Each structure stands twice: as structure tokens, then as C-alpha cells.
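Each chain, written out:
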Amino acid sequence: MTPFLIIFCVLAAITLSTAFLTVFSRNPIHSAIYLVICFFSIAGHYLLLNSQFLAVVHIIVYSGAIMILFLFTIMLMNLNKENEVHKPRVTRLAAVILFCSTCLILIAIFVNSKPIMGEYDATGEDFQSINKLGNVLLNEYMVPFEFASILLLVAMIGTVLLSKKEKIEK
Amino acid sequence: MNNVLNQIGIENYIFLAVILFSIGVFGVLYRRNAIIVFMSIEIMLNAVNLLLVAFSKMYNGATFANAPTSTIGIDAQIFVFFIMVVAAAEVSVGLAIIVMMYRNTHSVDINFLNRLKN
């Protein structure tokens, strides 16, 4: 057990347990909080893989923006009650079976496949700092970058239009 | 410089991402609360992101030895960046739809969406 493996195991345990708790907790506020912890541990995975930029962006976008949006929506709709009706038992059983079979099949595929590389090269070359990413993003991915900004603008307009109160014209 | 994947192994990341993705699928099928369904979709997107970052770490060293000007290790990280952009847009529009639905039906139960037919 090397130190990196121990860190990985701890982070993976946090990620998986909080993801399960997100699905299983009755109170939506608790699910949102568990999901925030899950996102923080995924940012920890990014840091472990030495991609600092993505880790910071992940914390800012997911934990900062998206989860605040979720929490505001939950509080706005006053949903922190625990009176949710369950799905019919057949549907839940089917969900459990599908979860187990998806896990089993995918893991069996990857266990039985041959490893592509025995050793992972480490050149020491820096390829995931903001410097390199920014160069590639604004040279080769210039057009998708602009389209992303258009997408965000359209999403913003759509959100405002959707959530605006409709005038009653009757 | 020691590659961290030598000590952890790409297989562990693949298994973690597979289980995380399956939890997302499970959440979508299991819950009736539309907001929890959205959170499960976020979990699935995050599983894919994690796998992309791990594979970019794995392949960059191999390609750098052959073609030093190749950007193949950076591409995956930029895909992750774009996935985050799309996820942010998707969540904002989706939550607006849920708020509108709550205003009309006073519930976030996805079974009530049957009423869209009429």
C-alpha cells in the first residue's frame, strides 16, 4: 500500500458512500449536502491526478454554482419534507436489478480485457496547467469555446423566460 | 517524476467510474423526486469526467515520447471543461422547468409529468 493508493481508497470510499446517500436520503436538502461532499471528493481525485485547473473549476462550477442552484430551488419550493411517495415495488426491484447487472457486466468486461500498457510513462512534461490548457483552448478550440458562450447565453435567456410568471389573460 | 497511475493503476479509476455511473442510473430509476433525478444525472456526468481525466493522464506520457507537439493529453481535459459548461446550462434550464412544473401542479413528482399529454 503506497500513500497514493491509500489516499485514492479513502477518496473513493467517500465518493461512493456519499453518492449512495444522495440517492437514498429522504430529505432533498440532505441529498444536496451529500452531493456537495461527493463533488469535493471528486475534486480531490482531480488533484491526485495533478490536474489543478480542473479541480478548481470543478469546485467553483459544481459546488459553487450548481449546488447553490439546487439548494435554492429546494428551499424555494419548500421541499424539505420527507413525504415522498415511493415508486411501486416492481419498479424499485427492477432498478436494483438493473444497478447490479450494469455494475457486474461493466466490471466483468474491464476485468477480462487485456491491459493496454504495462507501465505508464512519466515524462515530467507539464500538460495540465492553466498555461497549456489556455493555449490549446484559445488556439485549436476557439470555435467550440465561442459556441459554449453562446450556449450559456441561450440557457440564461431560456431560464429567465421559463421561470418568469405568466400573465393571466383571462 | 513519478506518474501517480503507476501506484494506483488505471483499473481502479475505471471501476470507480463504473460504480459511480451505475449509482447515477440507479438514482434516475429509483426516485420519483425530479430534483433527485437531476442530481443523479450530475453524478453520471461526473463519473465520465473522472474517467476522461484519468485517461488523459494515462495517455499523455505515451504520446509525448513520440510526438512532442501533440496535444492529445490536453484534449481530454478540454472535453471535461466543455462537459462542465454543458452541465451548467442543462441544470439551469432543467431547474427552471421544475420550478414551472411545481407552480402548475404543486409537486415535483415525475409521475405527474403524465399530464403533459393533455
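Treat the numbers as computed from the prediction; the structure is a model and nothing was measured.

**Re the overall build of chain B**
Within chain B, the regular secondary structure consists of 4 helices and 0 strands. Helices and strands appear in chain B in the N-to-C order α-α-α-α. With 118 residues in all, chain B has 58% of them scored as buried. Relative to all contacts within chain B whose residues are 6 or more apart in sequence, the contacts with residues 24 or more apart total 65%. Summed over its atoms, the accessible surface of chain B is roughly 4,500 Å², and 66% of this surface lies on carbon and sulfur atoms.

**What about the packing of aromatic side chains?**
According to the stated counting rule, one finds 11 aromatic pairs over all chains in the structure shown. Taken together, a centroid distance of 5.6 Å and an interplanar angle of 85 degrees make the contact between Phe20 of chain A and Phe99 of chain A edge-to-face. Placement of the pair is Phe20 of chain A in helix α1 (residues 3-24) and Phe99 of chain A in helix α4 (residues 89-112), with a sequence separation of 79 residues. On the basis of relative accessible area, Phe20 of chain A is assigned to the partly exposed category, the value being 28%. Assessed through its relative accessible area of 14%, Phe99 of chain A is described here as buried. With a centroid separation of 5.2 Å and 45 degrees between ring planes, the pair formed by Phe99 of chain A and Phe26 of chain B is classed as tilted. Remark: Phe26 of chain B occurs in helix α2 (residues 10-30) and Phe99 of chain A occurs in helix α4; the pair is interchain, linking two chains.

**So, the pattern of salt bridges**
Residues and elements named next belong to chain B. Within the structure shown, the criterion is met by 1 salt bridge over all chains. The residue Arg32 makes a salt bridge to Asp109 at a minimum N-O spacing of 2.9 Å. Taken together, the residues Arg32 in the loop between α2 and α3 (34-66) and Asp109 in the segment after α4 (72-105) connect sequence positions 77 residues apart. This pair shows no difference in class: Arg32 is buried, exactly as Asp109 is.

**Describing the nonpolar core**
General note: in soluble globular proteins, nonpolar side chains tend to be found buried as a group. Judged by nonpolar contacts, the single largest core of 70 residues is most densely connected at Tyr46, Met67 and Phe70 of chain A together with Tyr13, Ile35, Ile78 and Ile98 of chain B. Sorting elements by how many residues they give to this core places α4 of chain B first, with 12 residues. What Tyr13 of chain B contacts, discounting residues up to four positions off in sequence, is Phe8, His45, Leu48 and Leu49 of chain A together with Leu5, Ile8, Leu50, Leu51 and Ala54 of chain B.

**Topic: the packing of α1 of chain A against α2 of chain B**
Running from N to C, α1 of chain A and α2 of chain B cross one another at 5 degrees; their axes reach a closest spacing of 9 Å. Here α1 of chain A lies roughly parallel to α2 of chain B, going by the angle between them. Where α1 of chain A abuts α2 of chain B, its residues Leu5, Phe8, Ala12, Thr15, Leu16, Ala19, Phe20, Val23 and Phe24 of chain A lie against Asn12, Tyr13, Leu16, Ile19, Leu20, Ile23, Phe26, Gly27 and Tyr30 of chain B. For the contact of α1 of chain A with α2 of chain B, the per-class residue count stands at 15 nonpolar, 3 polar and no charged.

**Quick notes on the environment of Thr22 of chain A**
Relative to the helices and strands, Thr22 of chain A is located in helix α1. The spatial distance from the C-alpha of Thr22 of chain A to the C-alpha of Cys38 of chain A is 8.8 Å, given a sequence separation of 16 residues. Not counting residues within four places of it along the chain, the set of residues in contact with Thr22 of chain A comprises Ser31, Tyr34 and Leu35 of chain A together with Arg31, Ile36, Met39 and Ile43 of chain B.

**Section: unusual backbone geometry**
The backbone of Asn50 of chain A shows a phi angle near 70 degrees, a positive value even though the residue is not glycine. With relative accessibility at 28%, the residue Asn50 of chain A sits in the partly exposed group.

**Some points on a nonpolar patch on the surface**
All names here are of chain A. Residues Met1, Ile6, Val10, Ile14, Ile33 and Ile37 make up a contiguous nonpolar surface patch of about 550 Å² in total accessible area. Going through the elements one at a time, α1 and α2 (28-48) are the ones with two or more residues in the nonpolar patch. Mapping Val10 onto the fold places it in helix α1. Here Val10 falls in the partly exposed class, since its relative accessible area comes to 47%.

What counts and how
Residues numbered from 1 in each chain as written. Chains lettered and ligands numbered in written order. Predicted model: local features only at pLDDT ≥ 70, side-chain atom pairs only at ≥ 80, totals over all residues. Heavy atoms only, no water. Helix = DSSP H or I, 4+ residues; strand = E, 2+ residues; numbered from the N terminus. Buried < 20%, exposed > 50% of the residue type's maximum accessible area, 1.4 Å probe, protein only. Contact = heavy atoms within 4.5 Å. Areas by Shrake-Rupley, 256 points an atom, 1.4 Å probe, with all protein chains shown as cover. Phe/Tyr/Trp six-rings, centres within 6.5 Å; stacked < 30°, edge-to-face > 60°. Salt bridge = Lys/Arg side-chain N within 4 Å of Asp/Glu carboxyl O. Core = buried A, V, L, I, M, F, W, Y, C linked by side-chain atoms within 4.5 Å. Axes fitted to C-alpha atoms, helices over the stretch in contact; angles between N-to-C directions. Parallel < 35°, antiparallel > 145°, perpendicular 65-115°, else oblique. Nonpolar A, V, L, I, M, F, W, Y, C, P; charged D, E, K, R; others polar. Patch = residues over 30% accessible without salt bridge, like charges linked within 9 Å, V, L, I, M, F, W, Y side chains within 5 Å.

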